[in-house]
Amino acid sequence: MRAASSTAAGLGGAPVPARAEARVGIDAIGVAVPRRYLDLEDLARARGIDPAKYTHGLGALEMAIAEPGEDTVSLAAAAGRRALEIARLDPRDLGLLVVGTETGVDHSKPVASFVHGLLELPRTMRVYDTQHACYGGTAGLMTAVEWIASGAAGGRSALVICADIARYGVATAGEPTQGAGAVAMIVGAEPALLELDIGVAGTCSSHVHDFWRPLGQREAQVDGHYSIECYLDAVATAYRGWKARAAARELVRTGAPAGEQLAAICYHVPFCKMARKAHTRVRRCDLEDSAAPWDASVEELRAATSFQEQVEPSLGLCARIGNVYTGSLYLGLAGLLHARGAELARRRIGLFSYGSGCTSEFFSGVVGARAAERIAAARLDELLAARERISIDEYHRIMALAPGAPLGEPPVPGGFRFTGVEDHRRRYVGA
Ligand code: CAA
C-alpha cells in the first residue's frame, strides 16, 4: 500500500491530509451505446403530449434505442474493450470481472461469462454478475475496491461493467424514461479518474415494490410516483450515513452543510429531473440537521443555484442516452468529468447509487489530477455524434421485434453484436 500524495486536495480545493491507506478507485471509463436514438420531442408529438413535459418536466432530450443485436452482452463487451484500451492495461493484470446488470440474457450463464470470452480475458480470473436493480454495478464497484484495498488482489486490477437495456413498453408512463448502454470501469490502485473514500459510505435498504421485472417479462413493472418517493427516502438516509462517517474521518467540516462541501454530486439518473429532486432532498437534510433557522423561499433560490453548480454538469450524457439502470450513475460521472474534469481535479465529489427494491449507497471520492485527459480518451462526443436519429415508425418497428431477432447488421469497429441462437447457444460477432 502506498501513502496518498500530500498535495491532493479535497473540499472546495482545501488540501486533503496525507493518509497511509490504499489509493483505490476508477482508473478508466469506457462507454458503449446503441447506434440509434429517438428524439423525445418526436415521441411526445406521437403520443399527443406537450414536448415540454419530457424535455423540461423530466429533463430528457433523447433516448438510446437498442435492437436485439445490441443486447446487454454486446454493449458490455464493447464498453469493456474500450476501458481496457484507454487504461492500456494488459488483460493478464486483471483478476476480477464483475458485470452489474438487471437485464441479463440467461437465468444461469452470467453476462460476465460472455464478456470474458468475447474479450479473451485470462482464465485465472473471478468472473460473475451482480444484481440488485440499478445498484448492481455499485455492488461490483465496491467489491472490486475493497478487494484491491484489502491486498487480496495482489496488485491486480478489476474490470467492472454496468450494462442494461431499460424498457417499459410503448405508450406507458415510463416510455420516455427508457434507454440503453454500458459503462465499463477499470478499478485499480492509483486511479486516474476517481479515488474512492474507502469505508466512507452511507447505505439504506428496504423491501418495497417500487419497480421490478417478473421472470419472463421484457418490460419492467413500476409504481412510478411511489418509486420517486422510495428513491427520495433512500437518498436522505444514505446521505446522512455518509455525512456521519465523513465527519468522523474529518473529510467534511462540522458546523457547515456537508453537501455544500462537495464540489459536485452525481446521482442515479432514471431521468434528469430525478437528480434535481434528489439534490433538493439532500439539501433539506442539511437544513434539518442544522440548528440554524432557514427560510423556505431563500432556500428555493439557493437550491436552484446549487443544482446548476453541483449537479447539472453531470447530466449531459444522461439527457441524451436515457436510463441505463446500473450504468446511469456512472454515465453521470463520465459526463461530469467530461464537462468539468479539469476544474474538479483533486476535489471531492459525492455519488448516490439507487437500486429499486430497494438498496442504495451514498459515497464519495477525490477526482484525479489527470481526470480530464483520461476521460477525453473515451471520446464521448464522437460516440453520441455517430448515432442515427430514427423516426417514430422505426422506433415502433424495433420495439416490436422478438428478442431473438437481431437486424443482421455488422458490428461497428470495436463493437460486438448478438447474431442469434444456434443449438440453444447465443452467438456473437466482434469487429
Ligand atoms: N411542461 C413542463 N413540465 C410538465 C408538463 C409540461 N407541459 N407537464 C407535466 N410536467 C411535469 C410535471 O409537473 C412533473 O414534474 P414534477 O415531478 O417536478 O412535478 C413531470 O413533468 C412529470 O410529470 P408526471 O409526474 O405527470 O409524469 P407521469 O406521471 O406521466 O410519469 C414518471 C413520470 C412517474 C417518472 C414515469 O415516467 C415513470 O414511471 N418512470 C419510470 C420510473 C422511474 O424512473 N422512477 C424513478 C425512481 S426509481 C429509480 O430511480 C430506479 C430506476 O432507474 C427505474
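Bear in mind the structure is a predicted one, so any value in this text is a computation, not a measurement.

Calculation notes
- By convention here, each chain's residues receive numbers from 1 onward along its written sequence.
- Reporting of local features is limited, given that this is a predicted model, to residues whose pLDDT is at least 70; pairs of side-chain atoms are given and counted only at 80 or more, and all residues count toward the totals for whole chains, interfaces and linings.
- Each side-chain value is worked out from all heavy atoms of the structure, with water and hydrogens disregarded.
- The secondary structure listing takes helices from DSSP runs of H or I that are at least 4 residues long and strands from runs of E that are at least 2 residues long, numbered from the N terminus.
- Residue exposure (1.4 Å probe, protein chains only): buried if accessible area is under 20% of the type maximum, exposed if over 50%, otherwise partly exposed.
- Two residues qualify as a contact provided that any one of their heavy atoms is within 4.5 Å of a heavy atom in the partner residue.
- The accessible surface values rely on the Shrake-Rupley method and a 1.4 Å probe; as for residues, cover is taken only from the protein chains in view.
- Charged residues are defined here as Lys and Arg on the positive side and Asp and Glu on the negative side; His and the ends of the chain fall outside this count.
- Lysine's charge is taken at NZ, arginine's at CZ, aspartate's at CG and glutamate's at CD.
- Centres within 6.5 Å are what make two rings of Phe, Tyr or Trp a pair, Trp counting through its six-membered ring; a difference in plane orientation under 30 degrees is then read as stacked, over 60 as edge-to-face, and the rest as tilted.
- Each ring is checked for a lysine NZ or an arginine CZ that lies within 6 Å of its centre and within 35 degrees of its normal; such an atom marks a charge sitting over the ring.
- Definition of nearness: a residue and a molecule or strand are near each other if at least one heavy atom of the residue lies within 4 Å of the molecule or strand.
- Any pair of N or O atoms that falls within 3.5 Å is considered a polar contact. Within protein, one atom must be able to donate a hydrogen and the other to accept it, and sequence-neighbouring residues count only if both atoms are side-chain atoms.
- For this classification, Asp, Glu, Lys and Arg are treated as charged, while Ala, Val, Leu, Ile, Met, Phe, Trp, Tyr, Cys and Pro are nonpolar and the rest, including Gly, are polar.
- Any two strands with at least two DSSP-identified bridges between them are counted as paired.
- Orientation is described by lines fitted to C-alpha atoms, with helices fitted over the stretch in contact, and by angles between N-to-C directions that extend from 0 to 180 degrees.
- Angles below 35 degrees are treated as roughly parallel, those above 145 as roughly antiparallel, those between 65 and 115 as roughly perpendicular, and all remaining angles as oblique.
- We call a crossing left-handed when the near helix sits turned anticlockwise from the far one by less than a right angle, and right-handed when that turn is clockwise.

Side note on the overall build of the protein
(1) Moving on: Within the protein, the regular secondary structure consists of 13 helices and 16 strands.
(2) Moving on: Dimensions along the principal axes, computed over C-alpha positions, put the protein at roughly 60 × 55 × 40 Å.
(3) Moving on: Taken across its 431 residues, the protein has 57% of its residues classed as buried.
(4) Moving on: Pairs at least 24 residues apart make up 74% of the contacts formed inside the protein by residues separated by at least 6 positions.
(5) Moving on: Entry remark: accessible area of the protein is about 17,800 Å², with carbon and sulfur atoms responsible for 50%.
(6) Moving on: Mean positive and mean negative side-chain charge positions of the protein (46 and 49 charges, respectively) differ by 3 Å.

A few points about the packing of aromatic side chains
(1) Moving on: Going through the model one piece at a time under the given rule, you end up with 10 aromatic pairs.
(2) Moving on: With a centroid separation of 5.9 Å and 25 degrees between ring planes, the pair formed by Y239 and W242 is classed as stacked. Of the two residues, Y239 and W242 are both situated in helix α6 (residues 224-248); the distance of three residues between them amounts to about one turn of the helix.
(3) Moving on: When the ring of F418 is compared with that of Y428, the centres are 5.6 Å apart and the planes differ by 50 degrees; the resulting orientation is tilted. Of this pair, F418 sits in strand β15 (residues 416-422) while Y428 sits in strand β16 (residues 425-430); the two residues are 10 residues apart in sequence, bridging distant segments of the chain.
(4) Moving on: Note on F418: relative accessible area 1%, which makes it buried.
(5) Moving on: Classification of Y428 by relative accessible area gives buried; the value is 16%.
(6) Moving on: Grouping aromatic residues by their ring pairs yields a cluster made of Y231, Y239, W242, F352, Y354 and F362.
(7) Moving on: Sitting above the plane of the F418 ring, R426 keeps its charged end 3.9 Å from the centroid.

Quick word on the site of the ligand
(1) Moving on: Around the ligand sit 24 residues in total, of which K53, H225, S227, K273 and K277 are the nearest.
(2) Moving on: Here an oxygen atom of the ligand sits 2.8 Å away from a polar atom, N or O, in the side chain of H225.
(3) Moving on: Here the ligand has 1,100 Å² of accessible area as a free molecule, and 73% of this is covered by the chains.
(4) Moving on: Where the shell around the ligand is concerned, the elements lending two or more residues are α2 (51-58), α6 and α7 (272-289).
(5) Moving on: Looking at the shell around the ligand residue by residue, the classes come out as 11 nonpolar, nine polar and four charged.

Things to note about the sheet that holds strand β3 (residues 62-65)
Hydrogen bonds between backbone atoms are what pair the strands of a sheet, whose relative direction is either parallel or antiparallel.
(1) Moving on: Spatial ordering of the open sheet is given by β3-β2-β14, a layout of three strands whose pairing is mixed. At either margin of the open sheet sits one strand with a lone partner, and together these are β3 and β14 (388-389).
(2) Moving on: In the sheet, strand β2 (residues 36-39) pairs with β14 via two bridges, with the strands oriented parallel. In the strand pairing of β14, Y37 is matched with R389.
(3) Moving on: Here helix α1 (residues 40-47) sits on the sheet in contact with β2, β3 and β14, set at roughly 55 degrees to β2.
(4) Moving on: Running at roughly 125 degrees to β2, helix α13 (residues 392-399) makes contact with β2 and β3 of the sheet.

Quick word on the packing of α7 against helix α8 (residues 296-310)
(1) Moving on: The interhelical angle for the contact between α7 and α8, taken along N-to-C directions, is 125 degrees, at an axis separation of 10 Å. Between α7 and α8, the crossing angle belongs to the class labelled oblique. Crossing angle aside, the handedness with which α7 passes α8 is right-handed. Packed against α7, whose contacting residues are A275, R276, H279, R283 and L287, the element α8 presents E299, R302, A303, S306, F307 and Q310 at the interface.
(2) Moving on: Across the contact of α7 with α8, the residue classes break down as four nonpolar, three polar and four charged.

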